[in-house]
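Report on the structure
What follows is the residue order along each chain.
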Amino acid sequence: MSRVSKFVTSSDGCKIFAEGVGNLEGPTIVLVHSLGSSTIVFNNLFKDDQLLSKVYLVRYDMRSHGRSGRPVSQSDYSSQNFAVDFMAVVEGFHRQKPYLLGWSLGGTVATDVCTHCPASYVSGIIYVSALPYIGAIMMDLAKDFLKNLRPRLVAQDVADALQAKIDFVNSSINDCNASNWDDRLLWVGAFSHLNANDILNAMSRQQDPELLLAAGREGLRLLHLYGDADQQLDNAVAEAQVSQHFIDRKVVVIKSGSHALFYEFQDQVVEEVLAFVTE
């Protein structure tokens, strides 16, 4: 199966880089990355034969990340624009009713989609160590480590800002060792591509979770995956404040699981995801 790489154009003219691979006859899963990363964080899933034999995977760089456009004005980072970016990617690959898998900050895109896309645009949501929306929940969800790290990511001190990005990546993976050095180097490189303005824009859009929660109460399916050893997030907060609104939900807590759950616990995540999308 061959990988397809392309740029799609969002409604405001922003170019969005995206890739797709897998079984064209299977359900579609759109992978949305975290703050400071890009499509490269999902390299392992894009090589997972079990996953690719059953589903079609699409991944894309959110605006201001990776190879996608980097508008300067904060007004270009509205919730509606993020929703339209998602639709441009889905339609650019001629897919329908995909599942949205959001890791960390990528989980916020589900709120954009539920707020601004047509009803039932997605078949379901898969949260992986996810931030469900940008708002007050962030203070409860973030652990002290992450709260202390955030201001350093946009610091004027270039050396400290770089070290903060390294610390951010390393805290995503609980077992940092020589075998994953190459991947961590890639992830730090992706984060280093962003300047302070890019980071602030990515995290500052206004979101109202009400239509997300309403969709959950009306039967939108949810799979919520997280680890009990996540260094960045207290994921039980998201489960209590958001996931409990979904009447059709499954919550899986992986023992010793890290923030980058799909990376360190790939087999378990793939098993749960496949069971969810092929029911």
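Not measured: the values here are computed from a predicted model.

Description of the nonpolar core
Counting residues in each nonpolar core, the largest one holds 59 residues, and the members touching the most others are Tyr60, Phe86 and Ile125. If near-sequence neighbours (up to four positions away) are discounted, phenylalanine 86 is found in contact with Val30, Tyr60, Pro98, Leu100, Val109, Val113, Tyr121 and Val122. If you look at the next biggest cluster of nonpolar residues, it comprises 35 residues, including Leu51, Leu101, Ala260 and Leu261.

Digging into helix α2 (residues 79-92)
Its 14 residues place the ends of α2 20 Å apart at the C-alpha level, agreeing with the 20 Å of an ideal helix rising 1.5 Å per residue. Burial of α2 is extensive: 12 of the 14 residues sit out of reach of the surface. Restricting attention to buried positions, one finds in α2 the residues Ser79, Asn81, Phe82, Ala83, Val84, Asp85, Phe86, Met87, Ala88, Val89, Val90 and Gly92. Check the buried side of α2 and you find it contacts β1 (4-9), β2 (15-22), β3 (28-32), β4 (56-60), β5 (99-103) and α3 (108-116). Trailing α2 by a residue or two, histidine 94 shows a phi angle of about 55°, which is positive.

Considerations on the packing of aromatic side chains
Applying the stated criterion across every chain, the model contains 11 aromatic pairs. Centroid distance phenylalanine 42 to phenylalanine 262: 5.1 Å. Interplanar angle 45°. Geometry classified as tilted. Linking phenylalanine 42 in the loop between β3 and α1 (49-52) with phenylalanine 262 in helix α11 (residues 261-264), this pair joins segments that are 220 residues apart in sequence. Assessed through its relative accessible area of 1%, phenylalanine 42 is described here as buried.

What to know about the packing of helix α6 (residues 158-172) against helix α7 (residues 181-192)
Their axes nearest at 9 Å, the elements α6 and α7 cross at an angle of 135°. When the axes of α6 and α7 are compared, the pair comes out oblique. Relative to α7, the crossing made by α6 is right-handed. Together, Leu162, Lys165, Ile166, Phe168, Val169, Asn170 and Ser172 of α6 and Arg184, Trp187, Val188, Phe191 and Ser192 of α7 make up the contact between the two elements.

Let's talk about the pattern of salt bridges
Enumeration over the complete set of coordinates arrives at 12 salt bridges. Between aspartate 167 and arginine 152 there is a salt bridge, and its shortest N-O distance comes to 3.4 Å. Placement of aspartate 167 in helix α6 and of arginine 152 in helix α5 (residues 144-153) is noted, with a sequence separation of 15 residues between them. For arginine 217, the salt bridge goes to glutamate 210, with nearest N and O atoms at 2.6 Å. Taking the relative accessible area as the measure of exposure, arginine 217 reaches 39% and is therefore partly exposed.

Comments concerning the environment of lysine 15
By the element assignment, lysine 15 lies in strand β2. Owing to a relative accessible area of 44%, lysine 15 belongs among the partly exposed residues under this scheme. Considered as a pair, lysine 15 and alanine 164 are 149 residues apart in the sequence and their alpha carbons are 28 Å apart. Dropping the residues within four chain positions of it, lysine 15 is found in contact with Phe7, Val8, Thr9, Ser68 and Gly69.

A look at the environment of valine 252
Residue position: valine 252 is located in strand β8 (residues 249-254). Residue class for valine 252 comes out buried when judged on its relative accessible area of 13%.

Here we look at the side chain of arginine 205
Residue placement: arginine 205 occurs in the loop between α8 (196-203) and α9 (210-217). The class for arginine 205 is buried, based on a relative accessible area of 4%. Among the polar contacts made by the side chain of arginine 205, one reaches the side chain of threonine 108 at a distance of 2.7 Å. A polar contact is formed between the side chain of arginine 205 and the backbone oxygen of alanine 202, at a distance of 3.5 Å.

Basis of the calculations
Residues numbered from 1 in each chain as written. Predicted model: local features only at pLDDT ≥ 70, side-chain atom pairs only at ≥ 80, totals over all residues. Heavy atoms only, no water. Core = buried A, V, L, I, M, F, W, Y, C linked by side-chain atoms within 4.5 Å. Buried < 20%, exposed > 50% of the residue type's maximum accessible area, 1.4 Å probe, protein only. Contact = heavy atoms within 4.5 Å. Helix = DSSP H or I, 4+ residues; strand = E, 2+ residues; numbered from the N terminus. Expected span 1.5 Å × (residues − 1). Phe/Tyr/Trp six-rings, centres within 6.5 Å; stacked < 30°, edge-to-face > 60°. Axes fitted to C-alpha atoms, helices over the stretch in contact; angles between N-to-C directions. Parallel < 35°, antiparallel > 145°, perpendicular 65-115°, else oblique. Left-handed = near helix turned anticlockwise from the far one by under 90°. Salt bridge = Lys/Arg side-chain N within 4 Å of Asp/Glu carboxyl O. Polar contact = N/O pair within 3.5 Å; in protein donor to acceptor, adjacent residues only side chain to side chain.

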